[in-house]
Amino acid sequence: MTYDPTNIFAKILKGELPCHKVYDDDTALVMMDIFPQSKGHTLIIPKAPSRNLLDADPGDLAAVMPLVQRVARALKTVTNADGLRFAQYNEAPAGQTVFHLHFHLIPAYEGIAPGA
Ligand code: 5GP
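Source: prediction; values computed, not measured. (Residues numbered from 1 in each chain as written. Predicted model: local features only at pLDDT ≥ 70, side-chain atom pairs only at ≥ 80, totals over all residues.)

## As for the site of the ligand
- Around the ligand, the surrounding shell consists of Ile-8, Cys-19, Met-31, Asp-33, Ile-34, Phe-35, Leu-43, Tyr-89, Gly-95, Gln-96, Thr-97 and Val-98.
- Its residues assigned to classes, the shell around the ligand shows eight nonpolar, three polar and one charged. (Near = placed C-beta within 6 Å. Nonpolar A, V, L, I, M, F, W, Y, C, P; charged D, E, K, R; others polar.)

Pasting the structure below:
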């Protein structure tokens, strides 16, 4: 499968579509998910154009993972969540709906079922 540069996250990265941005640097854009699975559901969108984990450049992955950890730590603190899910899907049968690599950080709360 190839990378389609017209995907919705590519348009957000180019500033052609709006988003609720929480952080932006040379490696990635961090934004709130438009359909959050829990309070604080955050997406990290690496700027390098890859479809998903399977075609990503290892160097690009290495560059973005420290940011993923920083955002995870900050998000758990600011949401006061009891836990945090880290998710990433590859291809439609696995649940991928936007075909530009991204990472989900989904706060989890005691007594609240995932997705509720
Ligand atoms: P996937 O299923 O591909 O791993 O996740 C795509 C995620 O992107 C979903 O959680 C969906 O709610 C979110 N999403 C889809 N379109 C938009 C959008 O235009 N803006 C934002 N902020 N999130 C989006």
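## What about the environment of Ala-63?
- Secondary-structure assignment places Ala-63 in helix H2 (residues 58–79).
- Along the backbone, Ala-63 and Arg-85 are 22 residues apart, and their C-alpha atoms lie at a distance of 21 Å. (Helix = DSSP H or I, 4+ residues; strand = E, 2+ residues; numbered from the N terminus.)

## A closer look at the UniProt feature "domain: HIT" (unreviewed entry) in the chain
- As annotated by UniProt and renumbered to match this structure, "domain: HIT" (unreviewed entry) occupies residues 8–115.
- This span, residues 8–115, is 26% helix and 23% strand, and a straight line between its end C-alpha atoms measures 23 Å. (UniProt positions renumbered as here; feature names shortened; annotations may be inferred.)

## Considering the pairing of strand E4 (residues 83–87)
- The element E4 is largely exposed, with a buried count of zero among its five residues.
- Bridge count for E4 against strand E5 (residues 103–108) is five bridges, and the pairing is antiparallel. Its bridge partner being in E5, Arg-85 is matched across the sheet by Ile-106. (Buried ≥ 20, exposed ≤ 12 C-beta atoms within 10 Å, placed from the backbone. Pairing = 2+ DSSP bridges.)

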